[in-house]
Amino acid sequence: DTAVSQTPKYLVTQMGNDKSIKCEQNLGHDTMYWYKQDSKKFLKIMFSYNNKELIINETVPNRFSPKSPDKAHLNLHINSLELGDSAVYFCASSQAGTGETQYFGPGTRLLVL
Amino acid sequence: GESVGLHLPTLSVQEGDNSIINCAYSNSASDYFIWYKQESGKGPQFIIDIRSNMDKRQGQRVTVLLNKTVKHLSLQIAATQPGDSAVYFCAENSGGSNYKLTFGKGTLLTVNP
């Protein structure tokens, strides 16, 4: 069973389009995250939700809008995609948030042309 | 500012040798540290963690050492195998109500058969 799953795995799109990435975890965790990994493998947190409430927003452009319909799902919608949005986006989850291990999904590879 | 960095961006070892991957952190308030392994095309995978009230923790073939005096973290892999080839990240959590993990830059470990 996949603990943290993301769809799609690959996403190729044109500049200016709007796209969504979905994430689901079946671990019963309270907290979910979105990370961006650039071409140099640097991982940086974007958002964190705890029990459907936003708790971290790391100065991400407002073209990025996370949505958590329930605590098992955290989706990421991106408006007006730009070339610089090309990256791998990882979803993660943890039990309580602070001082707890985060478990990562397989990633969504976004390429904006 | 707060940062986590690695001394060695790449490490090449022979199969069967021991590997040591180092990490420096700058936030003395950090109280929880994690090592992740990321294989090509996959998400980061939890390896081992340590809390700030410990200075050593052992797992299967892996040991994490924490030196709070010099703010240094290391991951030791015994009898390195080709399957250990990956990028290794250290991450820190500064505790309190902060749910955020700050990741280091990553070290690419290559195991030569």
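Residues numbered from 1 in each chain as written. Chains lettered and ligands numbered in written order. Predicted model: local features only at pLDDT ≥ 70, side-chain atom pairs only at ≥ 80, totals over all residues. Heavy atoms only, no water.

Chemist: Describe the state of the cysteines, with residues and values.
Modeler: A complete count under the given rule lists 2 disulfides over all chains for this structure. The disulfide bridge from Cys23 of chain A ends at Cys91 of chain A, spanning 1.9 Å between sulfur atoms. Between Cys23 of chain A and Cys91 of chain A the disulfide shows an S-S torsion of about -80°. By sign, it is left-handed. Here Cys23 of chain A, found in strand β3 (residues 19-25), pairs with Cys91 of chain A, found in strand β9 (residues 87-94); they are 68 residues apart in sequence, far enough to count as distant. One disulfide in the model links Cys23 of chain B with Cys90 of chain B; its S-S distance is 1.8 Å. As the torsion about the S-S bond is roughly 55°, the Cys23 of chain B-Cys90 of chain B disulfide counts as right-handed. (Disulfide = S-S within 2.5 Å. Helix = DSSP H or I, 4+ residues; strand = E, 2+ residues; numbered from the N terminus.)

Chemist: Account for the packing of aromatic side chains, with residues named and values stated.
Modeler: Summed over the entire model, instances satisfying the criterion amount to 11 aromatic pairs over all chains. A centroid spacing of 5.2 Å and a plane angle of 45° characterise the contact between Tyr35 of chain A and Phe104 of chain A, whose relative ring orientation is tilted. Of this pair, Tyr35 of chain A sits in strand β4 (residues 31-37) while Phe104 of chain A sits in strand β10 (residues 103-104), and the two are 69 residues apart along the sequence. Neither Tyr35 of chain A nor Phe104 of chain A differs from the other in exposure class; each is buried. For the ring pair Tyr36 of chain B and Phe103 of chain B, a centre distance of 5.5 Å and an interplane angle of 35° mean the geometry is tilted. Of this pair, Tyr36 of chain B sits in strand β4 (residues 32-38) while Phe103 of chain B sits in strand β10 (residues 101-103), and the two are 67 residues apart along the sequence. Given the relative accessible area of 3%, Phe103 of chain B is considered buried. (Phe/Tyr/Trp six-rings, centres within 6.5 Å; stacked < 30°, edge-to-face > 60°. Buried < 20%, exposed > 50% of the residue type's maximum accessible area, 1.4 Å probe, protein only.)

Chemist: Any details on the pairing of strand β7 (residues 62-67) of chain B? Residues and values, ideally.
Modeler: Residues and elements named next belong to chain B. Where strand β6 (residues 56-58) and β7 come together, 3 bridges link them in antiparallel fashion. Within β7, the position partnered with Lys56 by the bridge is Leu65. Remark: 3 residues form the turn of the hairpin made by β6 and β7, two consecutive strands paired antiparallel; Arg61 in that turn has positive phi of roughly 65°. Note: β7 against strand β8 (residues 72-77), 6 bridges, orientation antiparallel. Opposite Val64, over in β8, you have Leu75 as the bridge partner. Hairpin remark: β7 followed by β8, antiparallel, with 4 residues in the connecting loop; positive phi at Lys71, about 55°. (Pairing = 2+ DSSP bridges.)

Chemist: How would you explain the side chain of Asp84 of chain B if you had to name every residue and give the values?
Modeler: Topologically, Asp84 of chain B is positioned in the loop between β8 and β9 (86-93). Look past the residues within four positions of Asp84 of chain B in its chain and what remains in contact with it is Lys37, Arg61, Ile77, Ala79, Leu109 and Val111 of chain B. (Contact = heavy atoms within 4.5 Å.)

Chemist: Could you give an account of the pattern of salt bridges, with specific residues and numbers?
Modeler: Applying the stated criterion to the full structure yields 7 salt bridges over all chains. A salt bridge links Asp30 of chain A to Lys71 of chain A, with the shortest nitrogen-to-oxygen separation between them at 2.9 Å. With a gap of 41 residues between them, Asp30 of chain A in the loop between β3 and β4 and Lys71 of chain A in the loop between β7 (64-70) and β8 (73-78) connect regions that are remote in the sequence. Given a relative accessible area of 19%, Asp30 of chain A falls into the buried group. We note a salt bridge from Arg61 of chain B to Asp84 of chain B, for which the minimum N-O separation is 2.9 Å. Residue Arg61 of chain B is found in the loop between β6 and β7, and its partner Asp84 of chain B is found in the loop between β8 and β9; the two are separated by 23 residues along the sequence. (Salt bridge = Lys/Arg side-chain N within 4 Å of Asp/Glu carboxyl O.)

Chemist: How would you sum up the environment of Thr101 of chain A? Please name residues and give values.
Modeler: Its location among the elements puts Thr101 of chain A in the loop between β9 and β10. Relative accessible area serves as the criterion here: at 9%, Thr101 of chain A is assigned to the buried category. Apart from the residues lying within four places of it in its own chain, the contact partners of Thr101 of chain A are Ser93 and Ser94 of chain A together with Tyr32, Ile34, Tyr36, Phe46 and Asp49 of chain B. A polar contact is formed between the side chain of Thr101 of chain A and the side chain of Tyr32 of chain B, at a distance of 2.7 Å. A polar atom in the side chain of Thr101 of chain A sits 3.5 Å from the side chain of Asp49 of chain B. (Polar contact = N/O pair within 3.5 Å; in protein donor to acceptor, adjacent residues only side chain to side chain.)

Chemist: Can you break down the sheet that holds β7 of chain A residue by residue, with the values?
Modeler: Residues and elements named next belong to chain A. Strand order across the open sheet formed by 4 strands is β1-β3-β8-β7, with antiparallel pairing between neighbours. Two strands lie at the open edges of the sheet, namely β1 (4-7) and β7, each paired on one side alone. Between one strand axis and the next, the sheet turns through 20° on average, direction left out of account. (Axes fitted to C-alpha atoms, helices over the stretch in contact; angles between N-to-C directions.)

In short, shape yes, function no, at least from these values alone.
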